[in-house]
Amino acid sequence: MQVQDIMTTRVITASPGTTVPELTRLLLENRISGVPVVDEQERLVGIVGEDELIRQLTDVDSPKRSWWQSLIAPPEEQAERYHRSHGQNAA
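Residues numbered from 1 in each chain as written. Predicted model: local features only at pLDDT ≥ 70, side-chain atom pairs only at ≥ 80, totals over all residues. Heavy atoms only, no water.

Draft legend 1. Spotlight on the pairing of strand S2 (residues 44-49). In this structure, strand S1 (residues 34-38) lies alongside S2, joined through 5 bridges in antiparallel fashion. Within S2, the residue paired with proline 36 across the bridge is isoleucine 47. In textbook terms, the turn of a hairpin is the stretch between consecutive antiparallel strands, and for S1 and S2 this stretch comprises 5 residues, one of which, glutamate 42, has a positive phi near 60 degrees. (Pairing = 2+ DSSP bridges. Helix = DSSP H or I, 4+ residues; strand = E, 2+ residues; numbered from the N terminus.)

As structure tokens, then:
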């Protein structure tokens, strides 16, 4: 088996502003499990995979913190956790 046997030759990309529903539709319609996110100059800025979309919807990988852990967690970590679970687009 070679890469060409399982990979598509037409690269499908998303922009940072692509919404979560649009990302979901893009993956489903093209029968792919992930999509590169590119900026206006078509430089890679990230990748969104189906696992991230599922995780966002189900919140499975986000163990609930006790109230005191939330108090001592760095603000950057709290912001990152919130963004990952509530993000509305590919960015």
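Draft legend 2. Inspection of the pattern of salt bridges at higher detail. Under the criterion given, the structure shown has 1 salt bridge. A salt bridge links aspartate 39 to arginine 43, with the shortest nitrogen-to-oxygen separation between them at 3.0 Å. (Salt bridge = Lys/Arg side-chain N within 4 Å of Asp/Glu carboxyl O.)

Draft legend 3. Geometry of the nonpolar core. Judged by nonpolar contacts, Ile12, Ala14, Val20, Leu23, Leu27, Ile32, Val35, Val37, Val48, Leu53 and Ala90 together constitute the single largest core of 11 residues. Of all the secondary structure elements, the ones that give two or more residues to this core are helix H2 (20-30) and S1. Here the element with the most residues in this core is H2; it accounts for 3 residues. (Core = buried A, V, L, I, M, F, W, Y, C linked by side-chain atoms within 4.5 Å. Buried < 20%, exposed > 50% of the residue type's maximum accessible area, 1.4 Å probe, protein only.)

Draft legend 4. Expanded view of the environment of aspartate 39. Tracing the sequence through the fold places aspartate 39 in the loop between S1 and S2. Sequence separation between aspartate 39 and threonine 13 is 26 residues; the distance between their C-alpha atoms is 9.8 Å. Leaving out residues up to four positions away in the same chain, aspartate 39 has contacts with Pro16 and Val45. (Contact = heavy atoms within 4.5 Å.)

That's the geometry; what it means functionally is another story.
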